[in-house]
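# Analysis of the macromolecular model
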Amino acid sequence: MSADRGITEDQLYRIMYGSIAFEMLHAASELGVFDHLGRNPGSSTQDIATALGIAPYPCDILLTGLRGLELVLGDETRMTNAPLVEQCFVKGEDGKHLPFIHEIVNPGMSEFIDSVRQATNLGLRHFPGDGTSLYSRLESDPDKLRSLHEHLRATSEATLADLVATGALDNTRHLLDIGGGTATNAIPLANHYPDLRITLVDLENVVEAAARAIDSHGLSDRIDVLACDVFNDPLPVGADTALLAHMLPIWSPEANRELLSKVYDALPDNGQALLFDPLQNDERDGPDYAILFPAYYLTIASGRGTFYPWSTYEQWMREAGFSGFQRFEGLAVAHGLHVGTKQR
Ligand SMILES: C[S@@+](CC[C@H](N)C(=O)[O-])C[C@H]1O[C@@H](n2cnc3c(N)ncnc32)[C@H](O)[C@@H]1O
């Protein structure tokens, strides 16, 4: 999204017809086109139609679209997946983002204009219930809740190796995973650090799902879960490190200041807070994901959050009492890690 380059006509049409482009990608993933081409590179449209049981006419519409979008390479007689498609959708887990975008982001985003006008998350109209955030509304919709947490799991799978590689958790004995979801981070971290104990806090239905996932990985002896509304209940004490992964972008600056102050109070001397999130670049014009996704926070998730800059996190941590800041930049999926220490 560089200002000096200017958009091309093709890029403009990809935005105007972006919902169709998304459905091409989603359909190819769901119907098994990418998996088929991964196993059978060089297939024709006819081969794919026969193998997947799709009639020739819709198969031609789909494959022509996929070639135009350069998700699939070649001509209709002989095609392969683009290398990035092979990496992300055949070998990788990026397909797990698509139901979340299809069922939650796209319906909710149809309320973007009204949300901008009224400065609130009117996308919640698409999710029955009385809660003021998507998270509380999805407590009564297990299918969409699963889609949200599969998206989060795929994000963790793409980013957690980079978090571990920073070494920031190497000396942690007891981690408090705040808004830890369905243990998307806690399970791989417990597997990576065999002596690590974790307490995961989240909303009630979410910790129930987390407990099932933890149990199925045989980690119930090292990962505890606790139903805790972090804004209305006290945070548990006893952990030496607090992880806030994909938590602060949901909330307003005021709510985040309050939360970081509670985190500070819950930590012992020399305890550390780890903030792990996508970040916008300093010019605030990229990467694309970090520029576009905040509209989801406004319209759907909470009506308040965004991806904040590094300096804002440091400012909030300083106000809460933390010092000794460390930054780890350039991690996968536009992520960065911010560490602050409670030094008295
Ligand atoms: C974007 S998800 C991040 C999940 C996980 N940390 C990760 O990185 O995948 C935010 C989490 O915050 C939880 N959450 C939202 N409001 C909360 C509240 N008031 N108290 C505790 N958890 C909350 C949601 O249920 C959700 O699991």
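One structure accompanies this document, and this report is about it.

Thresholds, definitions, all that
Residues numbered from 1 in each chain as written. Predicted model: local features only at pLDDT ≥ 70, side-chain atom pairs only at ≥ 80, totals over all residues. Heavy atoms only, no water. Pairing = 2+ DSSP bridges. Helix = DSSP H or I, 4+ residues; strand = E, 2+ residues; numbered from the N terminus. Near = heavy atom within 4 Å. Polar contact = N/O pair within 3.5 Å; in protein donor to acceptor, adjacent residues only side chain to side chain. Areas by Shrake-Rupley, 256 points an atom, 1.4 Å probe, with all protein chains shown as cover. Nonpolar A, V, L, I, M, F, W, Y, C, P; charged D, E, K, R; others polar. Axes fitted to C-alpha atoms, helices over the stretch in contact; angles between N-to-C directions. Parallel < 35°, antiparallel > 145°, perpendicular 65-115°, else oblique. Left-handed = near helix turned anticlockwise from the far one by under 90°. Contact = heavy atoms within 4.5 Å.

Pairing of strand β1 (residues 72-75) with strand β2 (residues 78-81) involves four bridges; the strand directions are antiparallel. The partner of Val 72 across the bridge, within β2, is Asn 81. Joining the antiparallel neighbours β1 and β2 is a turn of two residues.

This paragraph deals with the site of the ligand. Inspection of the region around the ligand gives 21 residues, with Gly 179, Asn 185, Asp 202, Ala 245 and His 246 positioned closest. At 3.0 Å from a nitrogen atom of the ligand is found a side-chain nitrogen or oxygen belonging to Asp 229. Considered on its own, the ligand offers 590 Å² of accessible surface; in the complex 97% of this is hidden by protein. With three residues, the single largest contributor to the shell around the ligand is helix α10 (residues 142-165). In terms of residue class, the shell around the ligand is built from 11 nonpolar, eight polar and two charged.

This part covers the packing of helix α2 (residues 18-31) against helix α7 (residues 97-109). Remark: α2 packs on α7, axes separated minimally by 10 Å, with the N-to-C direction vectors making an angle of 140°. What the angle tells us is that α2 and α7 run oblique. In this structure, α2 crosses over α7, and the sense of that crossing is left-handed. In contact with Phe 22, Glu 23, Leu 25, His 26, Ser 29 and Glu 30 of α2, α7 contributes Leu 98, Pro 99, Ile 101, His 102 and Asn 106. Residue composition of the contact of α2 with α7, by class: five nonpolar, four polar and two charged.

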